[in-house]
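# A look at the structure
In case you want the letters, here they are:
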Amino acid sequence: MAAFWKGRLFICTEAGGVLQHLAISVLTMSLDRATVTVGQPFHLKIHAHIHQRISRLDNLTLPDLVAFTELSDERHLTPGRHAGTEYNETLTLQANDAGTISIPPVSIDAFNTQDPEQRPSRFSSTESLVVHVLPRTRAPSDLLPSRWWWEMLLAGVAGVGALILAGWLALRTLRHFRKPSPAELSESAPAPTRSYELGQLAPAQRLRQAVTLLERAPSIAQAEEVRLALRAIVGAQEAETLEDVLNRIPEPGRATWEQALRAAERAVFIEVSQRPAAILEALPYFERACTLLEE
Amino acid sequence: MPPFVTPPAQLARSIRSTIVGQVGVVEGLLLAVIAGGHVLLEGPPGLAKTLACRALAAAIGGRFQRVQFTPDLLPSDVVGTRIFDQKSGEFSVALGPIFANVLLADEINRAPAKVQSALLEAMQERQVTIGPTSFALPDPFVVMATMNPLDIDGTYALPQAQMDRFLLNVIVDYPSHAEELVILERFAGGEPPLPTNVVTMEDVLAWRKEARAIFLDEKIKAYIVNIVLATRVKHRYLDRGASPRATLALASLARARALLEGRDYVLPDDVRSLARVVLGHRLVFNYRTVTDQIAIGAIVDELIASVPVP
C-alpha cells in the first residue's frame, strides 16, 4: 500500500507548485552583447524547446541577476512548427556597477518524460555567461549644449534671417517701381555690365530693354540676356529646360511665348557662325512677346 | 540639312505604325542606331520590346538575327565556331548569328557570363575572333538586348562593366488607357505587317556622319560634364558614379536626338531628356536603396535636377 502511494505522490517544488511532465531538448541562454557600459541596456535571451504542447511553463529558475536592474521581462510560449512548444524569454537588463559579471545557467525542474521511470530532473543550460561592464563614459550628446541652448540659438538665427529677408524684399519692391531713365535705355554699355542692372528691373521692362539693345547692336551676349529675360518671365527655375517651361505656359499667348523661347534657344546654341542670322530671325518673335507683355 | 535620302524622322514614323505608344522605346532604338551604340530594353513581358526591335530591323532593311538567350547557350552559338572537314582535312569557319546589322539578344540575362562576355566583347571591339582569325562585324552593327526584371530565378545579372557597354538603357513601362485601346484595335486581326526597307544601310551610315557634325556649344558641353560629375559626389545611396564613357555617350546621343528632331545644334533639352537613360544603368547603388525602399530612377532624376541648365 505504501509503495502504491509512493508512486502517485505529487512531488511539490519549493514554491508549492507541482512539477510538469516534460521532455526538454533545448535550453539555451544568450546575450545580445558581451560588453556594456554601466547603465546601458542589454538583452538576456532564454530559449527552450519542449516536446509537449503546453500552455504554461512552471518551475523555470532564472539565474541570479542581483548585479543588474531588470527593465523588462517578456515571455512567449508558441507552438513549435511541427510539434512541441517553443519558449522564449527576453530580459532587458542594465548593469549597476563596472566589472566582469558571470550569469549562471538557467534551469527548469520537471518530470523527465524521456526517462523510462519519469523521475524528476533539473534541465539546465550548459554554461555561464560573462558580461564585461565598463565604467560609464560621457556620451557625445552630453558634451553638446542643452536643448534649451539650441532652441535659443535657432530662434536668434531665424530672427536675424527674417530681418535680412524683410529688408531685401522692401529694397527689391522699391526698385521695381522705379522707372528706367531714358539715359539708361539709350545706354549702349556691353552686355555683361548690363546684366546686373537688368536684374533689378521688372520682368517686362527687363525683356523690353534687352530686346531694344539686341535690335540696336545684335550680339551673342545680348541674345543670352533676352533668353534669360524670357525665362524669368515664364518662371523658369534654374534646373528647368525649355520643355519643362513650355508644359506649364497657359493657353492665352502660349504660341507667342513658345516661338520666342525657341527662337532664343536657337540664337544662343546654334553654331557660332550662324548666330547673327539666327538673332535677326528671332527678333520679330521677341518683339511679339514684348508687345503681348505690354498689352 | 544633309544629303541623305530619307530623314530619320521617317523611320520613327514607320515604326510607330506598328508600335503603339512606347515613345521612349522607339526613340531609344533610333538614337542607338544613329549614334552607333547598343541599347538595353528593360521591362516586364508583353510590352512590345521584341516587336519594337523587329520592326526597327525590318525598317532598316539590313541583316537581322535574333538569339534567344538561355542558360545552356554557348559562346560559339553566338559568335560561330570552327568545324573540321574530314574530306579536305581542314578546319572551316561557321560564322554565328552575331554577323548581322541588327542583333536582337532576347532576355540577355538568361545566358551565363561567358556568353554575355563573348557578345559584349563583340559589341565593344566590333570584331569576333574564331580560332586564329579575327572577323570584322558588319557596319552598322547594333545590338538590341532585352531584359525582364521580374523573373530573376535562373538569370545571370549583367556585371557593371558590361552594363556600361550599352549606350542607353530604356525602362519600358505599361501603356496608357488610350494606348491600350489602340492596341486592341490595331492587333484585332493579328500582328500588323512590319514596315520593310523604309531606309537603307547607306542612310544609316549617312546619319551617323551627320550626327557627328552636329554643333555642341561649350555651355552644353559643360552641362553634360556637370551632370556626370554630379553622380560622383558623395551620396547616401551611391557607391560609384558614371565614367567618362557616360560623358561621351550623353554627348553622342544628344547629337543624335538633335538630328532626329531636324536640328543641327544641341539644346539643353536633348541632354536632360537623355541623361536618365544614359546614367541609370551606369551608377552603382548601395544597399540603402533597398532598406530605405528608394526608387533608383528618383535618385537619378534628383541628381540630374541638381545641375543648373545653361
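Notes on the structure follow.

With that settled, consider helix α10 (residues 244-260) of chain B. All names here are of chain B. With 17 residues, α10 extends 24 Å between its outermost C-alpha atoms, agreeing within 8% with the 24 Å of an ideal straight helix rising 1.5 Å per residue. The buried fraction of α10 is high, at 12 of 17 residues. Backbone geometry just downstream of α10 places Gly262 in the positive-phi region, at approximately 80°.

Residue and element names in this part refer to chain A. This structure, assessed with the given rule, holds two cavities of 30 Å³ or more. Counted as a void, the largest cavity has a volume near 40 Å³. At the level of secondary structure, the elements contributing two or more residues to the lining of the largest cavity comprise α7 (220-233), α8 (242-246) and α9 (254-269).

The biggest cluster of nonpolar side chains holds 105 residues, and the ones touching the most others in it are A:Leu230, A:Phe286 and B:Met144. With 10 residues, α10(B) is the largest single contributor of residues to this core. Aside from chain neighbours lying at most four places away, what touches A:Phe286 is A:Val211, A:Leu214, A:Val226, A:Leu230, A:Ala260, A:Ala263 and A:Ala264. Core analysis: the second largest hydrophobic core is formed by 29 residues, A:Ile24, A:Met29, A:Ile103 and A:Leu129 among them.

Residue and element names in this part refer to chain A. With respect to topology, three strands assemble into an open sheet ordered β3-β11-β8, the strand pairing being mixed. The open sheet has two edge strands, β3 (35-37) and β8 (99-103), and neither has a second partner. For this sheet, the mean inter-axis angle between neighbouring strands, taken without regard to orientation, is 30°.

All names here are of chain B. Position of Arg110 relative to the elements: it lies in the loop between β5 (102-106) and α5 (113-125). Exposure remark for Arg110: the relative accessible area of 17% places this residue in the buried category. The residues contacting Arg110, other than those within four sequence positions of it, are Phe69, Thr70, Pro71, Asp151, Asp153, Gly154, Thr155 and Tyr156.

A few words now on the layout of surface pockets. All names here are of chain B. Estimates place the volume of the largest pocket at around 1,100 Å³. Top contributing element to the lining of the largest pocket by residue count: helix α2 (residues 23-35), with six residues. Considered class by class, the residues forming the lining of the largest pocket number 24 nonpolar, 11 polar and five charged. Its volume calculated, the second largest pocket comes out at about 480 Å³.

Criteria and thresholds
Residues numbered from 1 in each chain as written. Chains lettered and ligands numbered in written order. Predicted model: local features only at pLDDT ≥ 70, side-chain atom pairs only at ≥ 80, totals over all residues. Heavy atoms only, no water. Helix = DSSP H or I, 4+ residues; strand = E, 2+ residues; numbered from the N terminus. Expected span 1.5 Å × (residues − 1). Buried < 20%, exposed > 50% of the residue type's maximum accessible area, 1.4 Å probe, protein only. 1 Å grid on protein atoms, 1.4 Å probe; cavity = no way out; pocket = protein on both sides within 12 Å on 5 of 7 lines; lining within 4 Å. Points joined across faces, edges and corners; volume = space filled by probe spheres on them. Core = buried A, V, L, I, M, F, W, Y, C linked by side-chain atoms within 4.5 Å. Contact = heavy atoms within 4.5 Å. Pairing = 2+ DSSP bridges. Axes fitted to C-alpha atoms, helices over the stretch in contact; angles between N-to-C directions. Nonpolar A, V, L, I, M, F, W, Y, C, P; charged D, E, K, R; others polar.

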